[in-house]
Amino acid sequence: MARRARALYDFRSENPGEISLREHEVLSLCSEQDIEGWLEGINSRGDRGLFPASYVQVIRAAEPPPPHACYANLPDGSIKPLPSLAAFKPAALEAPQAAAPEPFPLSPTAARYPFPPAPYGGSYQPSQGSDDDWDDDWDDSSTVADEPGALGSSYPDYEAAGGAPGRYRLSTRSEPSLGSRGGGHPPGHPHPPGGGGAAKSSATVSRNLNRFSTFVKSGGEAFVLGEASGFVKDGDKLCVVLGPRGPEWQENPYPFQCSIEDPTKQTKFKGMKSYIAYKLVPSHTGQQVHRRYKHFDWLYGRLAEKFPVISVPHLPEKQATGRFEEDFISKRRKGLAWWMDHMCSHPVLAQCDAFQHFLTCPSTDEKTWKQGKRKAEKDEMVGANFFLTISVPTGPGASLDLQEVESQVDGFKAFTKKMDESALQLNHTANEFARKQVTGFKKEYQKVGHSFKCLSQAFELDQQAFSAGLNQAIAFTAEAYNTIGDLFADQPRQDLNAVIDLLVLYQGHLANFPDIIHVQKGALTKVKESKRHVEEGKMELQKAEGIQERCNIISFATLAEINHFHKIRVRDFKSQMQHFLQQQILFFQKVTQKLEEALHKYDSV
């Protein structure tokens, strides 16, 4: 008989895979094993899905069903139950069984997570399509990084050796006091409404019901709740400093740029496979390397997973067909150049080990490339541990007012929404205007030129010598309008296309910020909840202060990223608008010059 449960509270589903519950509703359970505080079952409406385990009570013994109507008039005891199967058990099977071995004790973390949580960004999958397929030489089964010495000493070796210079352990975990071991709601289970009456220090900050939210997947929740622990090297530290505009990422002491040039078509497997390779020349090394689009794609995936509070610029879009056409290659190179500029301009991304490996590893050194690739993929400073690497200002005047932070983040959220709408509108307008210039304007000006040419040919039938100059001037005017039509068709390459490329890049940034803001908002919600527990006498002040301190770290990083975005935005749009207007002036000067040349032809008539 299937296990059943009765709903203790109403629950409204908010995500795919969840089902809603009504108080006192009876559900059928698919399994009694809960996963991170969730059960799977079928409600009275026949919907199957997940619901919080703390919102229901499992019905252990089902009540006997009422007798069927056909047996209602039979006297009591006339229906006898069947004998138990135990009556037929052979004596040989009645020997007592040996005591079952005790289960292997799980660590506190493993007990809360029956299945290992997926790392943040795990949903990102590199391209597997026709655009730069992944080859055996790129992602083989062997791991060069697993060779002795490939990745340096492991953490157990570090502990055995008693530590190493430049590497230290950070942890946000705290051992519970004796008074806090019982009575609280179990971690990982949502708190039902109407709870209360718990002893002081027994309350815990609840976890998000949506375990697929960015705040949870990024590791932000685990960090804020004090569950992060790892070793941080000096080279992994990300410093936030107080600048004139507030928190900022500490500038890169060795800034550099990297050009992307000469995309060339190359082949492998005796010409069976073709691809485009781009030449990269970093200014801080001066050594050129060649990278394919799949290498950019891999790097983007690693960075997007590692840095949940940093806006990693999006790569140019993939294309299944026409990958070797000249226009597409030129457009992709320009898009990659914008991407590279933003990577080199970011104080954190520019110094990331994976990015430096991407820029500096020689194209022909396959072993070194795979070592760096495996090292980046085994990076342990991801998820909740990433936040351990952030160093924020301390001392008097360095603390943040969370109410002011919330106001700033809300203002930036409204700004990004409006900017996204405006960028989308300008992108559409610019593309439409460029299309008209390439087709409509060129065609219209050439129609005018053709009409002038027909007029000139008609005048030539006059055969009068004194009209020859006029005929030539009109014919020149016709050619001038044809030339102006060609200028219109070519002009988007000079100005509008660059504006469109910039808008596309920033639309990618704007798409990143909702997740970044969600992480900060989630941390702020935990602080408010902990303060409420302190006011109700359910949580120790020290524990709530720890949550607020870790929320400050996320807030410092979020504000630093917002300030960097504004700084780079002003730089880019100032430069691009200047370039656009300069090109527009040059364009209309060319048009004016052609019209003036045509005008002077009539002076000698």
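Here the structure is shown first, and the text comes after it.
Residues numbered from 1 in each chain as written. Predicted model: local features only at pLDDT ≥ 70, side-chain atom pairs only at ≥ 80, totals over all residues. Heavy atoms only, no water.

Draft legend 1. Main features of the packing of helix α5 (residues 293-306) against helix α6 (residues 326-345). At their nearest, the axes of α5 and α6 sit 13 Å apart, and the two run at 35 degrees to each other. In this structure, α5 meets α6 at a crossing whose hand is left-handed. Residues Tyr293, Phe296, Leu299 and Leu303 of α5 touch α6, and the partners they reach there are Arg332, Leu336, Trp339, Met340 and Met343. Tallied by class, the residues present in the contact of α5 with α6 amount to eight nonpolar, no polar and one charged. (Axes fitted to C-alpha atoms, helices over the stretch in contact; angles between N-to-C directions. Helix = DSSP H or I, 4+ residues; strand = E, 2+ residues; numbered from the N terminus. Left-handed = near helix turned anticlockwise from the far one by under 90°. Contact = heavy atoms within 4.5 Å. Nonpolar A, V, L, I, M, F, W, Y, C, P; charged D, E, K, R; others polar.)

Draft legend 2. How the structure looks around the sheet that holds strand β5 (residues 56-59). Judged by pairing direction, the sheet is antiparallel, and its five strands sit side by side in the order β4-β3-β2-β1-β5 without closing on themselves. The outermost strands of the open sheet, each flanked by one partner alone, are β4 (48-52) and β5. The sheet shows a mean angle of 45 degrees between the axes of neighbouring strands, taken without regard to direction. Here strand β1 (residues 4-7) pairs with strand β2 (residues 26-29) via three bridges, running antiparallel. In the sheet register, Arg4 faces β2, and the bridge partner there is Ser28. (Pairing = 2+ DSSP bridges.)

Draft legend 3. Spotlight on the pairing of strand β8 (residues 238-243). The pairing of β8 with strand β13 (residues 390-391) spans two bridges and is parallel. From the neighbouring strand, Leu238 faces β13, where its bridge partner is Ile390. With four bridges joining them, β8 and strand β9 (residues 246-249) adopt antiparallel strand pairing. Each bridged residue has a counterpart across the sheet, and for Leu242 the counterpart in β9 is Pro247. Turn length for the β8-β9 hairpin, with the two strands adjacent in sequence and antiparallel, is two residues.

Draft legend 4. Focus on the environment of Gly243. Tracing the backbone shows Gly243 in strand β8. Sequence spacing of Gly243 and Asn563 is 320 residues, and the spatial spacing of their C-alpha atoms is 9.8 Å.

Draft legend 5. Main features of helix α11 (residues 496-535). Between the first and last C-alpha of α11 there are 58 Å, a value that for 40 residues agrees with the 58 Å anticipated at 1.5 Å per step. Along its length, α11 reaches its greatest deviation from straightness, about 25 degrees, at Phe513, and the proline Pro514 lies no more than four positions downstream. Phi for Gly537, located one or two positions after α11, is positive at around 75 degrees. (Expected span 1.5 Å × (residues − 1). Bend = angle between axes of the 7 residues up to and from the residue.)

Draft legend 6. Structural context of the pattern of salt bridges. The full count for this structure, using the stated rule, is 25 salt bridges. Among the salt bridges present, the one from Glu432 reaches Arg435, with a minimum N-O distance of 2.5 Å. Placement of the pair is Glu432 and Arg435 together in helix α9 (residues 402-459), with a separation of three residues, close to one helical turn. Asp490 is paired through a salt bridge with Arg493; the nearest N and O atoms lie 3.9 Å apart. Of this pair, Asp490 and Arg493 both sit in helix α10 (residues 468-494), three residues apart, which is roughly one turn of that helix. Residue classification places Asp490 among the partly exposed residues on the basis of a relative accessible area of 37%. What makes Arg493 exposed here is its relative accessible area of 51%. (Salt bridge = Lys/Arg side-chain N within 4 Å of Asp/Glu carboxyl O. Buried < 20%, exposed > 50% of the residue type's maximum accessible area, 1.4 Å probe, protein only.)

Draft legend 7. The arrangement of the nonpolar core in detail. In terms of nonpolar packing, the biggest core is built from 79 residues, with Phe223, Leu280, Phe296, Phe307, Met340, Phe355 and Phe358 touching the most fellow members. For this core, the domains that each give at least three residues are domain 2 (248-391) and domain 3 (402-600). Not counting the four nearest positions on each side in its chain, Phe358 is found in contact with Leu280, Val289, Arg291, His295, Phe296, Leu299, Met340 and Trp369. Within the second largest apolar cluster, 13 residues are counted, among which are Phe11, Leu29, Leu39 and Val56. (Core = buried A, V, L, I, M, F, W, Y, C linked by side-chain atoms within 4.5 Å. Domains from an automatic or database assignment.)

Draft legend 8. Examining the packing of aromatic side chains more closely. With the rule as written, the count across this model stands at 23 aromatic pairs. Taken together, a centroid distance of 5.8 Å and an interplanar angle of 80 degrees make the contact between Phe412 and Phe565 edge-to-face. With Phe412 in helix α9 and Phe565 in helix α12 (residues 541-600), this residue pair connects regions lying 153 residues apart in the sequence. Relative to Tyr481, the ring of Tyr445 lies with its centre 5.8 Å away and its plane at 25 degrees, an arrangement referred to as stacked. Taken together, the positions of Tyr445 in helix α9 and Tyr481 in helix α10 put the pair 36 residues apart, joining distant regions of the chain. Note on Tyr481: relative accessible area 22%, which makes it partly exposed. Through a chain of ring-to-ring contacts, three or more aromatic side chains come together here, namely Phe433, Phe441, Tyr445, Phe452, Tyr481, Phe488, Phe587 and Phe588. Positioned above the aromatic ring of Phe358 is the side chain of Arg291, whose terminal nitrogen or guanidinium carbon lies 5.6 Å from the ring centre. (Phe/Tyr/Trp six-rings, centres within 6.5 Å; stacked < 30°, edge-to-face > 60°. Lys NZ or Arg CZ within 6 Å of the ring centre and 35° of its normal.)

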